[in-house]
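This is what each chain is made of:
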Amino acid sequence: AYLHKIGREIPELSAVLHQANLLSSEMIHFIHQMAYYITFEVMECGWDRLVKQIDTAETLEDVIQAHDEFLTTVLTRALLDERSVEVRNQLRTIYDRIIEFQNILDKLYQDTLAELEARHSAAAMIELRSKDGDYGTTQEEQNKDADRRRDFLKSKLSSAKANLRIVSLSYQDMVRTFLFQLTCSNDESLQCLSFRLDFNQHYKKKDSRLSRPLQFSHKRLTSSLTSSQVSYLE
């Protein structure tokens with residue numbers, strides 16, 4: 001948020017900030033959907049089913065069986081079982097890219113803040129000298145200021161823009177692979193997760209592998225929803 005405030009004083013930031021905003025929106029959507037899936041669909045729904053099974057259990061064996069089913073379901077849907085190692089590793093790499101994105105923004109913030117402070121300092125010095133009746137700046141100081149601005153634009157901003165592009169391409173490729181892995185799962189909950197992560201078909205349009213599986217999962221999802229819910233999703 002503070003980068004956007006700085007961007008009002010350093011207009012050269014606009015292109016980089018636009019690029020960062022697009023990627024940030026994708027990542028925020030992914031994080032929110034994964035958090036909702038784990039906390040609600042996996043944990044809350046699983047716990048609710050366990051409680052109902054325990055309430056209707058007639059023997060200790062029924063309770064043990066219900067508990068075992070709960071653990072198995074939670075481990076499977078949370079991608080913590082042995083069969084989900086590949087998908088879990090793919091998810092970890094996605095979060096690694098998100099952390100990398102945050103590191104790029106942190107460095108951009110530090111570089112931009114230093115540039116802004118240098119510009120404010122130069123402007124304050126010019127104003128102070130002018131009030132004293134002296135020349136606001138010298139040719140040497142102007143050259144140094146121009147060199148610093150040029151270094152900020154061509155080195156630091158260009159580097160941030162290039163790094164953002166690399167992370168963006170890598171992140172999107174990893175997400176598409178993750179979605180494909182989900183659609184290939186035998187668990188309907190994981191198939192539906194793939195649909196929600198790509199509800200607007202942003203990734204599907206860039207990867208032909210997702211076409212058939214997503215159509216299948218969409219049918220599975222919509223078959224369990226009411227007509228009003230389907231209309232809302234569409």
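A brief structural summary. (Residues numbered from 1 in each chain as written. Predicted model: local features only at pLDDT ≥ 70, side-chain atom pairs only at ≥ 80, totals over all residues. Heavy atoms only, no water.)

Considering the packing of aromatic side chains
For any pair of aromatic rings, the description consists of the separation of the ring centres together with the inter-plane angle of the planes. We count it as follows: Stacked, tilted and edge-to-face are the three classes applied to pairs of Phe, Tyr and Trp rings, where Trp contributes its six-membered ring and a pair requires centres within 6.5 Å; stacked means planes under 30 degrees apart, edge-to-face means over 60, and tilted covers the rest. Here a strand is any run of E in DSSP of at least two residues, a helix any run of H or I of at least four, and the numbering for each starts at the N terminus.
One pass over the structure, following the stated rule, counts five aromatic pairs. On the basis of an interplanar angle of 25° and a centroid distance of 5.3 Å, the ring pair of Tyr36 and Phe40 is categorised as stacked. Remark: Phe40 and Tyr36 occur in helix H2 (residues 14-55); sequence separation between them is four residues, near one turn of the helix. Ring centres of Trp47 and Phe70 lie 6.0 Å apart, and the angle between their planes is 75°; on these two criteria the pair is classed as edge-to-face.

A word on the packing of H2 against helix H6 (residues 188-197)
Where we set the bar: Simply put, an axis is a line fit to the C-alpha atoms, just over the touching stretch for a helix, and the angle between two N-to-C directions goes from 0 to 180 degrees. Throughout, the term roughly parallel applies to angles under 35 degrees, roughly antiparallel to angles over 145, roughly perpendicular to angles from 65 to 115, and oblique to all others. Helix crossings are classified by the rotation of the near helix relative to the far one: an anticlockwise turn of less than a right angle makes the crossing left-handed, while a clockwise turn makes it right-handed. Should any heavy atoms of two residues lie within 4.5 Å, those residues are counted as being in contact. Polar here means any residue other than Ala, Val, Leu, Ile, Met, Phe, Trp, Tyr, Cys and Pro, which are nonpolar, and Asp, Glu, Lys and Arg, which are charged; Gly is therefore polar.
Running from N to C, H2 and H6 point in directions that differ by 150°, and their axes come no closer than 10 Å. Between H2 and H6, the angle is such that the two are roughly antiparallel. Handedness of the H2/H6 crossing: right-handed. Each of His29, Phe30, Gln33, Met34, Tyr37 and Glu41 in H2 lies in contact with H6, whose residues at this interface are Ser189, Leu190, Leu193, Arg196 and Leu197. Of the residues contributing to the contact of H2 with H6, the split by class is six nonpolar, three polar and two charged.

Some details on the nonpolar core
How we decide: Residue types Ala, Val, Leu, Ile, Met, Phe, Trp, Tyr and Cys, when buried and joined through side-chain atoms within 4.5 Å, form a set referred to as a nonpolar core. Residue burial is assigned from relative accessible area. The probe radius is 1.4 Å, only protein chains are included, and a residue is buried under 20% of its type maximum, exposed over 50%, and partly exposed in between.
The biggest cluster of nonpolar side chains holds 45 residues, and the ones touching the most others in it are Phe30, Ile94, Phe101, Leu108, Tyr171, Phe178 and Leu197. When contributions to this core are tallied by element, the ones reaching two or more residues are helix H1 (2-7), H2, helix H3 (60-77), helix H4 (85-131), helix H5 (139-183) and H6. Top element by residues in this core is H5. It accounts for eleven residues. Sequence-distant contacts of Phe30, defined by excluding residues within four places in its chain, comprise Leu91, Ile94, Tyr95, Tyr171, Phe178 and Leu197.

Quick notes on the side chain of Thr76
Within the element layout of this structure, Thr76 appears in helix H3. Here Thr76 falls in the buried class, since its relative accessible area comes to 16%. If sequence neighbours within four positions are ignored, Thr76 has contacts with Asp81, Arg83, Ser84, Asp187 and Leu190.

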